[in-house]
Amino acid sequence: MFNVDDSALAETEAPGIRSYLAGQENKTLLRFLTCGSVDDGKSTLIGRLLFDTKLIFEDQLAALEQDSRRHGTNGEDIDLALLVDGLEAEREQGITIDVAYRFFATAKRKFIVADTPGHEQYTRNMATGASTADLAVVLVDARQGILPQTRRHSIIASLLGIRHIVLAVNKIDLVDFDADVFERIAAEYRSFVADLGFRTVVPIPMSARHGDNVTRGSDNTPWYSGPSLLEHLEVVDNEAAPGPRPFRFPVQYVNRPNHEFRGFAGTVASGAIGIGDEVVVAKSGRRTRVKRIVTYDGDLERACEGQAVTLVLQDEVEVSRGNMLVAADARPAVADQFAANVVWFGEQALLPGRMYLLRTETDEVSATVSHLKHRVNIGNFAREAAKSLELNEVGVCNFSLQAPIAFDPFEENRTTGSFILIDRLTNATVGAGMILHPLRRAANIHWQALDVSKASRAAMKHQKPAVLWFTGLSGSGKSTIANLLEKKLHAAGRHTYILDGDNVRHGLNRDLGFTEEDRVENIRRVAEVARLMADAGLIVFVSFISPFRAERRMARDLMEDGEFVEVFVDTPFEECAKRDPKGLYARALRGEIKNFTGVDSPYEPPEKADIHLRTLGRAPEDIADEVEEWLRERGYC
Amino acid sequence: MPKALSHLKRLEAESIHIMREVAATFSKPVMLYSIGKDSSVLLHLALKAFYPAKPPFPFLHVDTTWKFREMIAFRDRMAAELGFDLLVHVNEEGVRDGINPFDHGSNIHTHVMKTVALRQALDKYGFDAAFGGARRDEEKSRAKERIFSFRNAGHAWDPKNQRPEMWKIYNTRVAKDESIRVFPLSNWTELDIWQYILQEKIPIVPLYFAQRRPVVSRDGMLILVDDERMKLLPGEMVEERMVRFRTLGCYPLTGAIESNASTLEEIVAEMLISRTSERQGRLIDRDEAGSMEKKKREGYF
């Protein structure tokens with residue numbers, strides 16, 4: 001978009017257009033967001049910026065006037081917020097739900113502004129807008145002062161790498177343009193963000209609704225001598241990069257149209273590369289040189305940060321998506337354990353031990369939080385001990401990955417130091433992470449290669465190792481069936497073992513309770529033990545309620561393909577409660593036991609169990625026979 | 001080497017990056033090709049993204065049977081010249097029922113021949129990702145949409161529950177029958193599009209350039225008499241006027257503007273002093289406030 005003096009342009013002939021466009025081309029770009037608490041006037045401010053920079057077209061203005069009469073919150077006046085609140089639900093409720101991106105330009109610079117929601121409920125959408133921004137305009141209602149959301153958004157902006165803040169003390173007209181109010185809010189804000197690492201914090205008194213200090217200075221605030229918002233945005237230096245950075249090229253896509261050509265397509269994340277330069281394949285350490293830098297517009301001599309190119313290497317080295325080509329003399333970390341800041345977006349809490357998909361720009365790997373170090377208290381920034389991260393909370397976690405990834409600390413590189421977390425069942429994006437540093441453990445503990453293998457151990461026993469995972473409600477018959485089955489296999493000379501939920505809780509897991517966090521850890525440990533036993537060549541029966549799909553999935557992922565057999569012991573709740581062999585249902589229903597599966601804690605039945613046993617009306621012996629038959633048909637015994 | 005990339009280079013690189021992400025992570029992507037200027041830019045970027053290979057996905061045109069004749073001729077010429085894999089889908093049931101914009105109005109026509117037709121085509125081929133040329137500066141609900149925009153198994157968009165989209169890390173995971181609409185031009189403006197077409201010499205449909213054309217004035221819009229299906233209402237008459245189009249769609253629903261701009265430079269100059277947005281020429285957006293969002297929730301692009 002553009003902002004031009006109409007009369008000057010009306011005269012412009014075609015030759016003038018070329019030079020005008022050339023000028024557009026070389027303008028710098030500033031990406032910023034507006035954030036802060038609900039009703040602080042974020043959308044109105046952007047509407048004001050667009051309006052005052054003449055970016056509202058006549059048909060849009062006509063629509064706005066019509067809308068303002070219907071949905072406006074300003075009485076007879078037009079409601080500028082309606083220019084950006086584009087969703088029906090937003091207009092009806094008069095709030096912002098999701099981030100809107102708007103584009104405008106002045107004679108000096110181009111801007112992309114993200115208008116983000118203030119409600120805590122929609123923090124994930126604020127973070128979306130902040131992740132690509134260089135500067136945050138934090139709005140505060142002069143009458144309200146600093147609110148919890150002002151703090152939350154400031155912390156998230158800081159964590160996401162934003163280094164420039166404008167504190168817009170808005171609705172200054174509603175406090176009679178009082179300099180003291182402004183000074184007090186500015187001083188309070190400065191002191192609480194002192195440790196957040198911002199390079200600039202510029203407070204500006206403002207009235208978005210009336211335009212004071214938005215695009216130009218205001219006569220109403222003679223005591224304020226600083227720039228208007230737009231004047232500041234035009235000059236703030238977001239390019240101040242601290243010198244050259246090492247070359248990083250995350251490989252997106254291997255381009256192989258024929259046998260002669262093999263190129264690695266990607267975008268240069270940092271630094272630059274030239275033909276003949278030495279590069280290293282991050283994960284393998286293999287060295288080679290760049291032979292060609294291919295683009296549709298011809299080969300390049302050099303490629304720099306931000307360019308999307310295709311690299312051809314001198315040697316046939318193994319590189320695939322997710323790997324990184326990097327400077328030979330400044331390599332990234334390659335590790336399967338690291339510490340990171342996390343912002344959590346999931347409706348279900350982040351739980352240590354639960355497995356998530358961790359995705360960097362081009363790599364994807366299964367990961368668990370091995371340790372939740374602390375949660376950050378939004379009110380006073382204190383570090384608090386926590387067992388989980390709830391929706392919109394922020395904390396520091398240690399991660400453990402199933403395979404190493406290449407990365408840099410986020411502070412050094414926003415592109416190679418960031419990741420998202422994805423829920424494996426719903427595919428929802430549930431968190432964002434900013435890597436702090438690799439953990440030493442990963443570097444120093446190497447897998448000890450042993451000579452006697454799982455296959456040789458199993459062969460000696462004439463059997464195929466397996467983990468039969470019996471899941472179902474308490475009292476559904478898991479242990480009874482597992483016990484009968486083990487007797488049968490034992491009689492047939494098979495080597496077996498039963499891991500029983502209750503028994504394990506007497507020893508290995510005696511330190512764990514029944515909260516959601518502890519249940520996840522309970523399952524993780526048992527799954528690891530089952531894996532070791534399968535590695536020893538045994539047929540293992542795990543008899544565990546294991547109510548959550550995510551944990552059963554984690555257990556499955558730990559085993560080799562075909563080794564994990566999910567057995568759903570399907571007995572209706574009513575029947576289990578009636579049997580109640582240990583008297584637990586009666587107590588749970590009286591409220592004497594908390595977090596009891598099926599009563600006040602959920603059971604997520606398997607969507608597609610390997611063996612589905614409907615027990616109602618059947619003798620346990622019959623059922624055990626059925627499982628044995630299943631195993632025999634598939635060569636387990 | 002310049003210190004920073006120029007504005008268009010930056011946009012180009014971002015779009016190429018997005019296209020490569022899709023090719024690398026989806027099993028069956030498709031690029032929607034609507035023949036307009038944005039589609040022309042999209043096609044050009046796809047050629048760049050995968051060079052020296054050809055784009056590793058087919059192109060799909062959902063033909064409402066009411067497009068300008070020049071658009072169809074242009075489409076076929078581009079497919080032949082560039083040798084890309086072009087799929088054309090028409091909602092045959094809609095044709096059988098005689099759905100047309102004159103008798104049924106823009107709402108029903110667009111729903112049956114565009115939205116439903118698109119859903120049919122996506123289901124027929126089982127595409128799990130579909131590129132579109134939409135830009136955030138076009139319309140208010142588009143300004144709210146993610147670059148990777150999730151669609152449920154019924155192709156519906158849920159604007160109140162979009163996935164967070166952090167940095168350039170795109171969550172490309174979908175379950176069976178779910179899909180993602182991908183908008184590589186999200187951050188381009190109308191000016192960027194024209195400037196890029198000028199810089200890269202990208203071919204576009206001649207309807208964008210001013211020429212004497214037969215038009216009828218109807219509902220405050222100038223409608224081109226593109227074929228014999230256009231019946232005149234009482235009092236209407238066909239006039240030859242110097243006109244061009246800012247956007248292209250179904251000819252009965254797309255208003256021309258009076259203009260003398262017959263070169264790209266003149267088009268840009270005209271756009272710079274324009275006081276109306278490009279979508280003003282689109283009848284389908286005017287039906288009611290929030291109409292674009294509604295269409296998108298039903299599966300429209």
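Residues numbered from 1 in each chain as written. Chains lettered and ligands numbered in written order. Predicted model: local features only at pLDDT ≥ 70, side-chain atom pairs only at ≥ 80, totals over all residues.

Draft legend 1. Highlighting the overall build of chain A. For chain A, the helix and strand inventory stands at 18 helices and 26 strands. C-alpha extents for chain A along the principal axes are approximately 95 × 70 × 45 Å. Evaluated residue by residue, chain A yields a buried proportion of 45% over its 637 residues. Put simply, 72% of the contacts in chain A that link residues at least 6 apart link residues at least 24 apart. (Helix = DSSP H or I, 4+ residues; strand = E, 2+ residues; numbered from the N terminus. Buried ≥ 20, exposed ≤ 12 C-beta atoms within 10 Å, placed from the backbone. Contact = placed C-beta atoms within 7 Å.)

Draft legend 2. Region of the structure containing the overall build of chain B. Regarding its fold elements, chain B presents eight helices and 10 strands. Taking the principal axes of its C-alpha atoms as reference, chain B extends roughly 55 × 50 × 40 Å. Counting over 301 residues, chain B shows a buried share of 54%. Across chain B, every contact between residues at least 6 apart in sequence was considered, and the portion connecting residues at least 24 apart equals 77%.

Draft legend 3. Looking closely at the pairing of strand β13 (residues 308-313) of chain A. Both strand β8 (residues 263-267) of chain A and β13 of chain A contribute to a ladder of four bridges, which runs antiparallel. Pairing of F264 of chain A across the sheet is with L311 of chain A, part of β13 of chain A. (Pairing = 2+ DSSP bridges.)

Draft legend 4. Region of the structure containing the packing of helix α1 (residues 7-25) of chain B against helix α2 (residues 37-50) of chain B. Residues and elements named next belong to chain B. The interhelical angle for the contact between α1 and α2, taken along N-to-C directions, is 70°, at an axis separation of 9 Å. As far as their axial angle goes, α2 and α1 are roughly perpendicular. Handedness of the α1/α2 crossing: right-handed. Residue-level contacts link E12, S15, I16, M19, R20 and A23 of α1 to L45, A46, K48, A49 and F50 of α2. Considering only residue class, the contact of α1 with α2 consists of seven nonpolar, one polar and three charged. (Axes fitted to C-alpha atoms, helices over the stretch in contact; angles between N-to-C directions. Parallel < 35°, antiparallel > 145°, perpendicular 65-115°, else oblique. Left-handed = near helix turned anticlockwise from the far one by under 90°. Nonpolar A, V, L, I, M, F, W, Y, C, P; charged D, E, K, R; others polar.)

Draft legend 5. Focus on the sheet that holds strand β14 (residues 324-327) of chain A. Strand order in the closed barrel formed by six strands is β7-β8-β13-β11-β10-β14 (chain A), and the pairing between neighbours is antiparallel. Going across the sheet, the axis of each strand differs from the next one's by a mean of 45°, ignoring polarity. One ladder, built from four bridges, connects strand β7 (residues 248-255) of chain A with β8 of chain A; its direction is antiparallel. Paired with N255 of chain A across the bridge in β8 of chain A is G263 of chain A. Lying over the sheet, α1 of chain B contacts β7, β8 and β13 of chain A, oriented at roughly 55° with respect to β7 of chain A.

Draft legend 6. Summary view of the interface of chain A and chain B. Across the contact, 71 residues belong to chain A and 58 residues belong to chain B. For the side of chain A that touches chain B, the element with the highest residue contribution is helix α2 (residues 14-25) of chain A, accounting for six residues. A per-class count over the side of chain A that touches chain B returns 33 nonpolar, 20 polar and 18 charged.

Draft legend 7. Representation of the nonpolar core in the model. Core analysis: the biggest nonpolar cluster contains 238 residues, and A136, A168, V467 and V542 of chain A have the highest contact counts within it. In this view, V467 of chain A contacts A530, A534, V540, V542, M559, E563, F564 and V565 of chain A; residues no more than four positions away in its chain are not counted. (Core = buried A, V, L, I, M, F, W, Y, C linked by C-beta atoms within 7 Å.)

Draft legend 8. Representation of the domain arrangement of chain A. Taken as a whole, chain A is organised into domain 1 (21-235), domain 2 (248-327), domain 3 (333-440) and domain 4 (454-633). Each of domain 1 of chain A and domain 4 of chain A has a C-alpha centre, and the two are 55 Å apart. (Domains from an automatic or database assignment.)

Draft legend 9. A look at the packing of helix α6 (residues 190-200) of chain B against helix α7 (residues 264-272) of chain B. Residues and elements named next belong to chain B. Contact geometry of α6 with α7 gives a least axis separation of 10 Å together with a crossing angle of 165°. Considering the angle they form, α6 stands roughly antiparallel to α7. The way α6 lies across α7 gives a crossing that is left-handed. For the pair α6 and α7, contact is made by E190, L191, W194, Q195, I197 and L198 and by L264, I267, V268 and M271, respectively. Of the residues in the contact of α6 with α7, the class split is eight nonpolar, one polar and one charged.

Draft legend 10. Region of interest: α1 of chain B. Taking 1.5 Å per residue, 19 residues should reach 27 Å; α1 of chain B reaches 28 Å between its end C-alpha atoms and fits that length. Of all the 19 residues making up α1 of chain B, 14 are buried; the element is thus mostly covered by neighbouring parts of the structure. (Expected span 1.5 Å × (residues − 1).)

Draft legend 11. Expanded view of the environment of T496 of chain A. Mapping T496 of chain A onto the fold places it in strand β23 (residues 496-500). With sequence-adjacent residues up to four places away left out, T496 of chain A is seen in contact with E486, L489, H490, L538, I539 and F541 of chain A.

Draft legend 12. Structural context of the environment of L122 of chain B. Residues and elements named next belong to chain B. Among the secondary structure elements, L122 is positioned in helix α5 (residues 101-125). In this structure L122 comes out as buried when scored by C-beta crowding, with 25 C-beta atoms within 10 Å. Linking L122 and H155, residues 33 residues apart in sequence, is a C-alpha distance of 9.0 Å.

Draft legend 13. Expanded view of the pairing of strand β5 (residues 164-170) of chain A. Residues and elements named next belong to chain A. Along β5, seven of the seven residues are buried, which leaves the element largely enclosed by surrounding structure. The pairing of strand β4 (residues 135-141) with β5 spans seven bridges and is classified as parallel. By the bridge assignment, V137 is partnered in β5 with V166. Traced from β4 through helix α7 (residues 148-159) to β5, the parallel crossover comes out right-handed. Of the strand pairs in this sheet, β5 and strand β6 (residues 200-205) are connected by six bridges, and their pairing is parallel. Bridged to H164 within β6 is T200. On the question of chirality, the crossover connecting β5 to the parallel β6 by way of helix α8 (residues 179-192) is right-handed. (Right-handed = clockwise from strand over helix to strand, strands pointing away.)

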